[in-house]
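Residue-level listing of the chains:
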Amino acid sequence: MTKARQAVLNAVKDSSIPLSAGEIHKKIILPMDLVTVYRALKYLEEHGHLVSFSFACTLKRTERYYYHRKDPHVHFFHCEGCHRFIDMGLCQLDPIVSTIEKEQRVQILSHTLYFTGLCAECLEAKSPKPAEPATPRPAGF
Ligand SMILES: [Zn+2]
Ligand SMILES: [Zn+2]
Ligand SMILES: [Zn+2]
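In this report, we go over the structure that sits alongside the text. Everything quoted here is computed from the prediction, not taken from an experiment.

What counts and how
- Residues numbered from 1 in each chain as written.
- Chains lettered and ligands numbered in written order.
- Predicted model: local features only at pLDDT ≥ 70, side-chain atom pairs only at ≥ 80, totals over all residues.
- Helix = DSSP H or I, 4+ residues; strand = E, 2+ residues; numbered from the N terminus.
- Rg over C-alpha atoms; globule rule 2.2 N^0.38 Å.
- Buried ≥ 20, exposed ≤ 12 C-beta atoms within 10 Å, placed from the backbone.
- Contact = placed C-beta atoms within 7 Å.
- Pairing = 2+ DSSP bridges.
- Axes fitted to C-alpha atoms, helices over the stretch in contact; angles between N-to-C directions.

**Details of the overall build of the protein**
Phase 1: Helices and strands together make up the secondary structure of the protein, namely 5 helices and 6 strands.
Phase 2: Traced from its N-terminal end to its C-terminal end, the protein shows the element sequence α-β-α-α-β-β-β-β-α-β-α.
Phase 3: Against the compact-globule benchmark of 14 Å for 141 residues, the protein has a radius of gyration of 22 Å, which places it well outside the compact range.
Phase 4: In terms of overall dimensions, the protein has a C-alpha envelope of 85 × 50 × 25 Å along the principal axes.
Phase 5: Relative to its 141 residues, the protein shows a buried fraction of 13%.
Phase 6: A fraction of 50% describes how many contacts in the protein between residues 6 or more apart in sequence connect residues 24 or more apart.

Quick look at the structure:
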């Protein structure tokens, strides 16, 4: 594998969340232009090292994100509050995949799944602050 491809693969491998080509480019110390990064990504995906998906976020335009192909794989969550990806842990869909295979009489080789919503911190920031204790009224009223 060429140095450029290896550097791109390592940058993606080192990340627990999917990265865009621009983000990968920023992580690489080797002098390399963005076109080379794109070419390396294309090669690495074609050869089964990486998986990519196209993702449209309410803040950023549609981008392609890359992650390392692993078995078992993990799923991702994108927060629409702070616009970051979070690793959601290992896939738990095996039973569902088997059911679909039986019902639809197909063989499922792979799937890409991501969730969107609000992360724990954004939920916390949104929730109303606990109310101040009510001032006790003077007795007799
Ligand atoms: Zn968030
Ligand atoms: Zn977003
Ligand atoms: Zn899965």
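From this point on, the discussion continues.
**Observations regarding the sheet that holds strand β2 (residues 50–55)**
Phase 1: Pairing within the open sheet is antiparallel, and its 3 strands lie in the order β1-β3-β2. Here the strands that pair on one side only, and so sit at the sheet edges, are β1 (19–20) and β2.
Phase 2: Sheet topology note: the β2/strand β3 (residues 63–68) ladder contains 6 bridges and is antiparallel. If you follow F55 over to β3, its bridge partner there is E63.
Phase 3: Packing against the sheet, helix α1 (residues 3–13) makes contact with β1, β2 and β3, and its axis sits at approximately 85 degrees to β3.

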